[in-house]
Amino acid sequence: CNFAKASPPAAPHRLLATSSAFSSTSGMASCSTRMSRCRGIMAKMTFSEGEDLMELASCVIPPLTTGQSKGGAGRVAVIGGSEEYTGAPYFAAFSALKTGVDLAHVFCEKSAGTAIKSYSPELIVHPLLALKSSGADPTEVEQGVSQWIPRLDGLLVGPGLGRDELVVQTSASLITAAAERGTPIVLDADGLFILTSAVRSGGGDAVYARLLEALRGAPLTITPNKVEFERLCKAMGLAEEGAFGRAPSLAPVVATRLGRHTVVVVKGPSDVITDGSITVTCSEGGSPRRCGGQGDVL
């Protein structure tokens, strides 16, 4: 991995703010204590020493003790899953369990619920999202999911979500509710479609305007691929075409415009990761395959 600092450097701890918040609960060592450790390490890092990186990574991993209760290592939720796409939210939620989260919820469209439940008994599946054609009351649908937001340590929106009008409307409201609470949020796939639509609206839509305002102060991570990044850059007026080839210079601008605690992860042959202040590029090779589900596991 190659690191580059913007000039002048500002708030370097933000790069790992989201991962730290995801692993924090009241029953563990104080999140602020762990973040202080991260800031201290970041301030001394030369960005070339593997030992520094390992120490930095270790400070956001919650300690395992016999005094923990259920949920002590984190409660996360995935908003996604439709009749066509049931695997995506499963891969994302189960990956969270595999990496140490105690409880993983999936909020999906009703027709996807049974399939996702059958994949794993460890997932908590809520088939509460509704299509516009169902005639469901949008307020009731939103309230059914939003009551869970205060219990969550992190929220992922997008895998297999689909673009039904009511599903998109509900998801946008849930992103806003989580952001206003300061809940760490990750947007991918159709979650990025919602974000790009909000940016493209230019504040002309009240729901989208509130969403963008809430995200400016929330811990946000977005993980666009080539097409998603170029669409977002175009919506922001940064580049009509060719944005992906300029990701190292454009991604920090995207992060800065979206919010104070935003991390952008542009996926490609050389990944670009930035919080607007620090930019990391990683060219380590992975699988040459590009099968469905890889992004959901990430």
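To start, this report covers the structure provided alongside it. Bear in mind the structure is a predicted one, so any value in this text is a computation, not a measurement.

Here Thr86 lies in the loop between β2 (75-79) and α4 (87-98). Among the polar contacts listed, one links the side chain of Thr86 to the side chain of Tyr119, at a separation of 2.6 Å. Look past the residues within four positions of Thr86 in its chain and what remains in contact with it is Ala112, Ala115, Ile116 and Tyr119.

Another aspect to go through is the pattern of salt bridges. Side-chain pairing between opposite charges can occur once the charged atoms of the two side chains come close. Taken as a whole and judged by the stated rule, the model has six salt bridges. Put simply, Asp188 and Lys267 hold a salt bridge, and the shortest N to O gap is 3.5 Å. With Asp188 in the loop between β6 (185-187) and α8 (190-201) and Lys267 in the loop between β8 (262-266) and β9 (271-274), the pair connects residues that are 79 residues apart, well separated along the chain. Accessibility expressed as a relative area gives 19% for Lys267, which makes it buried. Its salt-bridge partner being Glu213, residue Arg216 comes within 3.0 Å of it at the nearest N-O pair.

The residue Ala189 is not glycine, and still its phi comes out positive at about 50°. With respect to the helices, strands and loops of the structure, Ala189 is situated in the loop between β6 and α8. Classification of Ala189 by relative accessible area gives partly exposed; the value is 22%.

Time to look at the nonpolar core. Ranked by internal contacts, the top residues of the largest apolar core, which has 49 residues, are Leu187, Leu195, Ile222, Phe229 and Val254. If you tally residues by element for this core, the top one is helix α7 (residues 165-180), at seven residues. Those residues in contact with Phe229 that sit more than four places away from it in its chain are Pro224, Ala243, Phe244, Ala247, Leu250, Ala251, Val254 and Val266. Among the nonpolar cores identified, the runner-up in size contains 18 residues, and Tyr90, Phe94, Ala104 and Ala112 belong to it.

This part covers the pairing of strand β5 (residues 154-157). Going residue by residue along β5, you find Gly154 and Leu156 tucked away on one face and Leu155 and Val157 tucked away on the opposite face as well. Relative to β5, β2 is paired through four bridges, and the arrangement is parallel. Note on β5: the bridge partner recorded for Val76 is Gly154. A crossover links β5 with its parallel partner β6, the connecting element being α7, and its sense is right-handed.

Thresholds, definitions, all that
- Residues numbered from 1 in each chain as written.
- Predicted model: local features only at pLDDT ≥ 70, side-chain atom pairs only at ≥ 80, totals over all residues.
- Heavy atoms only, no water.
- Helix = DSSP H or I, 4+ residues; strand = E, 2+ residues; numbered from the N terminus.
- Polar contact = N/O pair within 3.5 Å; in protein donor to acceptor, adjacent residues only side chain to side chain.
- Contact = heavy atoms within 4.5 Å.
- Salt bridge = Lys/Arg side-chain N within 4 Å of Asp/Glu carboxyl O.
- Buried < 20%, exposed > 50% of the residue type's maximum accessible area, 1.4 Å probe, protein only.
- Core = buried A, V, L, I, M, F, W, Y, C linked by side-chain atoms within 4.5 Å.
- Pairing = 2+ DSSP bridges.
- Right-handed = clockwise from strand over helix to strand, strands pointing away.

Shape descriptors only; they carry no functional weight alone.
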